Every structure is written in C-alpha cells, then in structure tokens.
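Residue-level listing of the chains:
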Amino acid sequence: MNLDMLAMQAFTGLSIFTILMLMALGLAIVFGLMGVINMAHGELMAMGAYCSYGTALFFERFMPGLMGLYIFVGIGLAFVVTSLFGYLLERGLIRFLYKRPLDTLLATWGVSLVLQQLYRQLINAKEVEVPTVSWLHGAWQATEGVSFPLSRLFIIGLAVVTATLVYLLLFRTRWGLRIRAVTQNRAMAGAAGINTTKVDAYTFALGCGLAGIAGSSFTMLASTGPTTGQQYIVDTFITVVFGGVESLLGTIFSAFIIGQMQSWFEYSLSGSMARASILLLVIVVLYFRPNGLFAAKVRR
Amino acid sequence: MGEGYYPLGHIEFSSEINKIKAAKPDVILNCVVGGSNVAFFKQLTAAGINGSNQTLLSLAVSEEEVSGIGAENTVGTLTCMGYFQSLKNPANEKFVKAFKAKYGANRVLGDTLECGYISVYLWKLAAEKAKSFDVEKVVAASSDLPIDAPEGHVHFDKSNHHLWKHARIGTFLPDGQVNMIYESPLLAPNPFPKL
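One structure accompanies this document, and this report is about it. Source: prediction; values computed, not measured. (Residues numbered from 1 in each chain as written. Chains lettered and ligands numbered in written order. Predicted model: local features only at pLDDT ≥ 70, side-chain atom pairs only at ≥ 80, totals over all residues. Heavy atoms only, no water.)

This part covers the interface of chain B and chain A. In this complex, chain B contributes 28 residues to the contact, which on the side of chain A involves 34 residues. Counting every contact that joins chain B to chain A gives one salt bridge. Between A:Arg152 and B:Glu12 there is a salt bridge, and its shortest N-O distance comes to 2.9 Å. The interface formed by chain B and chain A holds 18 residue pairs in polar contact (both at pLDDT 80 or more) in total. For the side of chain B that touches chain A, the elements supplying multiple residues, two or more each, are helix 1 (14–23), helix 2 (35–46), helix 3 (63–69) and helix 4 (71–74) of chain B. Taken together, the residues of the side of chain B that touches chain A break down into 12 nonpolar, 10 polar and six charged. (Contact = heavy atoms within 4.5 Å. Salt bridge = Lys/Arg side-chain N within 4 Å of Asp/Glu carboxyl O. Polar contact = N/O pair within 3.5 Å; in protein donor to acceptor, adjacent residues only side chain to side chain. Helix = DSSP H or I, 4+ residues; strand = E, 2+ residues; numbered from the N terminus. Nonpolar A, V, L, I, M, F, W, Y, C, P; charged D, E, K, R; others polar.)

Below, the structure written as structure tokens:
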C-alpha cells in the first residue's frame, strides 16, 4: 500500500464515519434519549430520499435554470416532511406506548411495512432515479493519484453541520435543556413545570427530521426505492447500540470506529468477510460492555 | 487481478473502488445485483471511473435497472442479457408498441420483463399442444416447443425444458437504451454447469 492509497482509504473511512453519523443521529435521539425502538427509521430515510426525488422532478420541470440548487431545497423539504410525519406518528401512535418500549418495536415495524407498501403503490415499485446536481459530479483531484469524490465531501460537510446544530440545540438552548431533563427524570421534569408530552413530540419529530436529512443526501450515493430503508436500518442500530444508548457522543464515536473498521477491513479482506468481522467485534464488545462504549448513567 | 464479494444489499463500495483504481484492470466484470448496482455505478462515476475510460461488463443490469441508476452513470458500459428493448424484429416492435400503449411511453422494458411475458405464452403453447392443464402432460408437450418471442425465435430444450436462447452484449447509450454489438447463436441451456 502506497501513500496515495493510504490517503484515499483514510478518506473512505472518514466518509463512512460521516454517513453512519448522519444515519444514527436521528435514531440516537429517538432510541437513545426517548427509548423508542423506531424500526421505521429506515423508511423515514427513504421518505427523505423521495422528497429529494420530488424536488428534483419539480425543479426539472418548472425551473431547470436553478437545478443546481435543488439539493438544498430537497434536504430542507425532507427535514420538514419527515419531522411533520414524525410528529403525527408520535401523537397518533408512539405516545400510547411509552410504558411498553418493546411494543414500540412491533408498532414501528408495522409502520415501516405500511410505508414500504405506500411507496410501492404511490410512487414506484422500482428504484427511481434521483439526479446528482452537476456541481457535485466528479472528484476533487488533490494530487495526481489522490482524488476525493465531491458528493462524499458534501456529505462530510453536511454531517458536521448537522451534528453541530444538534449539539447546540441539545446543550445550548432552553429547549435542549428540557429534552435532557425529561430524559433524565420524567417525573421530576414534569413536577418542575416542563410540559413533558410536548417535549416528547418535538423530540421525536426532530429525530425523524434528522433521518429525513440523511436519506435525502444519500440519494447521491445509493438507490432510492421502497426497500431503501432496509439497507440503512441495521447499520443505524449497530452504530447507536455500539456507542451506548443515551449518549450522543458515544454514537458519534462509534460511527467513527465502525467507519474506520469498515474502510480498512474492506481494503484488506473481501467485502463479506469485512462485514462479518465488524459484526463479530461489535458482539464481543457488547458482551463485555452491554451498555455500549459510552454508557451514560441515567436514573429511570 | 482481483475479486471482491459483498453481502446482498451492500451500498458502500468506495474501498472496492480504491482497489480497482490501484489495480487498473483491463475489464471490470460486474455481477452486483439489484439496488446495490445504483450505489456501485453512482460511486464509480463519482470516483471518475466511467464507460469512457474503463471497460465494464455487467451481468445483471438491464434497461429497467438503468432507470434507477441514471443513464448518465451507465453510458458506455457493456451489459450482457438475452433481450434488449432496442432489438430489431417484428415481434419485438409489436411488443414494445403494445407495452407502451398500455403502461405509458416513459416505461422501459428489460430482459426480466420479457422473460415473464413469454413464459405465459410458452405455457399457453404447451397447454394447447397437450390439450390438457395436467402438469405432467404440459411438461411432456413442452419438449422442443418453439416460440417467436420478442427476443427472437427460441425453443425449449428436449430434455431439461430450459430455453435455447441468444446471449447478447450491448453498450448503454445516453438515453438508457442499448446498442447491441454482439449476438451469439442459440445456446444450449446448461442449468447444471460443471467446473
């Protein structure tokens, strides 16, 4: 392995890290902070991807001159649509199940099946084509032998911005303070005058909206179809669980570790063996640290 | 030069693409199936590998898949299939016209769809020849049975009842259709190949 390859593999690891982080941030909030096992997280990402698709079609037809900007509108729309859907889902279904976390697994799994079938019926049973904007085509040629795909650079930037915003929201605003208070001790937070049901709904909507952002930006890398969500959901859960539920920092850290492992294992082994090795390592770590790498102490 | 195997549904190919870049192969033989193809082609194109600078032959990418991958990501690459929408023969022209009249002008046809279509007609022919719906009799009647399919004149094998078909290789065009560059004679079906 020469220096060029080293640089490109390091970049690959970084890229997988940011992809996993984007996928897992929303679930870390929904599953980690709220304890809802949201099996429909992948389908929410697919919903975000379809928002990108719809925006692309709209721009193609009505303002082809601004096609280069559609990606931002697509991401924004994805956030709005999925968080709105998340809000309705919380109000209509999830809030009745807070006392029964295992049942949220079944209920949201049902939601994911319904959503998949809706995509099939209403949009297309096949994958749809979401065009990549022209300014993200190709790669940045750093040196002669080293090049970094622009779409991945964009996702790295997006992930950093999103993670920073989530951090600021949770740790630097009144609203974030309320979310953390409700997570740590629901009864006491309620006694202190926090409207816990409202906080729950908004938190869930935020988590879903983040899934939308992730799904929308991943249209540049992967397919957009009814089963798209299934491609993401396993990795997302592994990242959150491995990092330690209830810890956002843990999620980011575990995304980094898994991303690097995937990059280097896939380089030195075959793809399937790399996958198996990563899962094996995750199992071993979880055996010795059942609460994940970063187990936060939470009073229930 | 090298082989890489990935789990079904894999969507992260950048390590493999880095390996491909390092190996500079004469040809990439792409056996990826389904949604993973979208990821593979998009990431190849983003990494600067495309039909204009790399020979790539896909075994499971038809015109239908291209509608999900995006024609700009597949243009210039090769595909191997038994049927292309662009085949020029009267049966196919009629088939494409009828399909588009029913399902819309934007829909494309691919090998899988054509196979599903002729399967029903093959069964009809065999059932008519057997003058029965009995499975045993229909199977017996299907030996050597020919059909004028959109993919050309094909027929059942005498013993194993798979189809004798043409293998065709073509290049993807910017509109997602295929320009056929090679057509084999009818090939004997061999469902149980020996190493």
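Let's pick the thread back up.
Turning our eyes to something else, we now look at the packing of aromatic side chains. Here the distance between the centres and the angle between the planes together describe a pair of aromatic rings. If you walk through the whole model with that rule in mind, you get 23 aromatic pairs over all chains. What links up through ring pairs into an aromatic cluster is the set B:Tyr6, B:Phe13, B:Phe40 and B:Phe41. In this arrangement the basic side chain of A:Arg186 is found over the ring face of A:Tyr98, its NZ or CZ atom lying 5.5 Å from the centre. In this structure, B:Lys102 packs its charged tip against the face of B:Tyr103, placed 5.9 Å from the ring centre. (Phe/Tyr/Trp six-rings, centres within 6.5 Å; stacked < 30°, edge-to-face > 60°. Lys NZ or Arg CZ within 6 Å of the ring centre and 35° of its normal.)

Another aspect to go through is the sheet that holds strand 6 (residues 163–164) of chain B. Residues and elements named next belong to chain B. An order of 4-5-6 is seen for the three strands of this open sheet, with the pairing classed as antiparallel. The sheet is open, and its two borders are formed by strand 4 (146–149) and strand 6, each paired with just one other strand. Pairing of strand 5 (residues 152–156) with strand 6, which is carried by two bridges, proceeds in the antiparallel orientation. Across the sheet, Phe 156 pairs through a bridge with Leu 163, a residue of strand 6. (Pairing = 2+ DSSP bridges.)

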